[in-house]
Amino acid sequence: MRRRHARHPLDRRGQLQPHRRPREQVAAQGRADSRRPHRQGRRRRRHGHAGHPKPFSFILESAKDIYIVCGKGLKDRSLLARQTSGSGLFQLTEAVSGDHYTFALRQDYAWGPQGVTGKTPGVPAKVVLKVIPNEQTAVNLLASGGVNATVVTGSDRQRVEADPSITKLVVALGNGQFFYHQGDDRPAKDPAVRKALTQALNLQQLAGIASGGTGRKATSLVMEPRPCKGDSVTGHVPAHDPQAASAALEAAGWKPGPDGIRQKDGKRLTLRYLFVTTKGPTFMAAAEFMAAEWKKAGVEVKLNGVIDTKLAESLNATQDWDVVWLPIGVPLPSQLIGFLSGPAAPEGANFAHLDNPRYNELVAKAGSKPAPASCADWEAAESALFEAADLVPVVENTAVVAVKGATVQTVSYLLIPSSIRMTKAS
């Protein structure tokens, strides 16, 4: 199964986990197989309590994802360098970095959801997570019975969807979206320019290109399953209108030059478009489409495709970009605040130098109330960003969780360990 690494070069301090497509596949094989079966123990401490220094909307939603170290691991933290110390359904028995991870069923497990125990029929006695660097290889193994589950995001998706022996679960993977750099010396500092650039793009057409035709309409900046279910996107993103875009650029002082590229005070309207080259052909196709559409509007676009480490350097240090395609995947809207407000890079995580007073006001208001009472404010805060064209959500990307010889349930693309049931010997 594809392991979705939480790390990202942008996430220097571990505050946020922007979404990225992984560079390796992790295929799950339960006695043959399954995915992420082990969770650190969730036993409640006999004494003590959880606290937060300020009001926080999502304390309950966050608490369920806190892993608690149990038993020997509390007494000797050095054990955690090579093994786990928890109370989950499966426990790690072997770890070979970059190759595989083996988990054994905890036979005395008797505290699972919906009454699941270590003796529930169909629960595998052993689960092996295989690290497979290539998606095509993982799909080949799935088809041949070498693994039981994998996550497919690329061109092999068509092959999986055409195979009747494979169970397919379509899941959300976060948005394809782009940001405008709003530094003092940048064209997109002017909100009129940002809105005009957005109006110049046919976002519906761009969504199909960027997702390879497998995306869905974006309705939020937060990944499913999200705590606030409203649609913050529809009706709030500047609509496609090339004529209005041209008029707005004219009004902002950007006049067509002799070669068709707009100029203002002797400076050409040039955008440096930053994207990563490690995420497949759709990122490049989206970049080329946007460059072509903006050229029609009199904008010069210089495409800059980079590897992940260079992306981090550009966002956090050199700031040598004007538009960046950057999917970010978080389960809570509060996790986006550091990226969408506050100190700008390189001092802070606000890589696009955003300063939207309405957003700042609404997230402060939302943070003082629990969900779901705070959801209207969280959603309005996102809408304020779209209305100002601070960032533009284009499409909700999807993937297929492909399963053979087993049944599973998922939370997004992650398999729920206690849901794994083998349906035949492998």
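A brief report on the enclosed structure follows. Treat the numbers as computed from the prediction; the structure is a model and nothing was measured. Going along each chain's sequence as written, the residues are numbered from 1 onward. With the structure being a predicted model, the display of local features is reserved for residues of pLDDT at least 70 and the display and counting of side-chain atom pairs for 80 or more, all residues being used for whole-chain, interface and lining totals. Only hydrogens and water are set aside when side-chain values are computed; all heavy atoms of the structure are taken into account.

What about the sheet that holds strand β8 (residues 262-264)?
Part 1: Strand pairing is defined by DSSP finding a minimum of two bridges between the two strands. Secondary structure follows DSSP: runs of H or I at least 4 residues long count as helices, runs of E at least 2 residues long count as strands, and numbering of each begins at the N terminus. Taking strand neighbours across the sheet as the criterion, the 3 strands line up as β7-β8-β9 in an open arrangement whose pairing is antiparallel. For this open sheet the edge positions go to β7 (255-256) and β9 (267-268), each flanked by a neighbour on one side alone.
Part 2: Bridge count for β8 against β9 is 2 bridges, and the pairing is antiparallel. Within β9, the residue paired with Gln263 across the bridge is Arg268.

Let's talk about the side chain of Asn356
Part 1: The residue Asn356 is located in the loop between α10 (337-340) and α11 (357-366) in this model.
Part 2: Owing to a relative accessible area of 7%, Asn356 belongs among the buried residues under this scheme.
Part 3: In protein, a polar contact requires one atom able to donate a hydrogen and another able to accept it; more generally it is a pair of N or O atoms within 3.5 Å, and residues adjacent in sequence count only if both atoms are side-chain atoms. One polar contact links the side chain of Asn356 to the main-chain amide nitrogen of Tyr359, over a distance of 3.0 Å.
Part 4: Engagement of the side chain of Asn356 in a polar contact is seen with the backbone oxygen of Ala384, the distance being 3.1 Å.
Part 5: The residues touching Asn356, leaving out its near neighbours within four places in the chain, are Ala384, Leu385, Ala388 and Asp390. Think of it in three bands: residues with accessible area under 20% of the maximum for their type are buried, residues over 50% are exposed, and the middle band is partly exposed, with areas taken using a 1.4 Å probe on protein chains only. Note on contacts: a residue pair is in contact if any heavy atoms of the two residues lie within 4.5 Å.

A short note on the nonpolar core
Part 1: In plain words, nonpolar cores are sets of buried Ala, Val, Leu, Ile, Met, Phe, Trp, Tyr and Cys residues tied together by side-chain atoms within 4.5 Å. The biggest cluster of nonpolar side chains holds 69 residues, and the ones touching the most others in it are Phe178, Trp294, Trp325, Leu340 and Phe351.
Part 2: The element contributing the most residues to this core is helix α8 (residues 281-296), with 7 residues.
Part 3: Contact partners of Leu340, with chain neighbours within four places excluded, come to Phe179, Leu221, Asn350, Leu354, Tyr359, Leu385 and Leu391.

What to know about the packing of α11 against helix α12 (residues 375-387)
Part 1: Two elements in contact, α11 and α12, have axes whose closest approach is 8 Å; the angle formed by their N-to-C orientations is 170°. One element, α11, and the other, α12, form an angle in the roughly antiparallel class. Pair α11 / α12 crosses with left-handed handedness. When α11 is examined against α12, the residues Arg358, Tyr359, Leu362, Val363, Lys365 and Ala366 are found in contact with a partner set consisting of Asp377, Trp378, Ala380, Ala381, Glu382, Ala384 and Leu385.
Part 2: Gly counts as polar in this scheme, as do all residues outside two lists: the nonpolar Ala, Val, Leu, Ile, Met, Phe, Trp, Tyr, Cys and Pro, and the charged Asp, Glu, Lys and Arg. When the residues that make up the contact of α11 with α12 are grouped by side-chain class, the tally is 9 nonpolar, no polar and 4 charged. Fitting a line to C-alpha atoms yields each axis, with helices limited to the stretch in contact; the angle taken between N-to-C directions then spans 0 to 180 degrees. An angle counts as roughly parallel when it lies under 35 degrees, as roughly antiparallel when it exceeds 145, as roughly perpendicular when it falls between 65 and 115, and as oblique in every other case. Note on convention: near helix rotated counterclockwise from far helix by under a right angle means a left-handed crossing. Clockwise means right-handed.

Concerning the environment of Gly367
Part 1: Position of Gly367 relative to the elements: it lies in the loop between α11 and α12.
Part 2: Residue class for Gly367 comes out buried when judged on its relative accessible area of 16%.
Part 3: Taking the C-alpha atoms as reference points, Gly367 and Pro333, 34 residues apart in sequence, are found 9.9 Å from one another.

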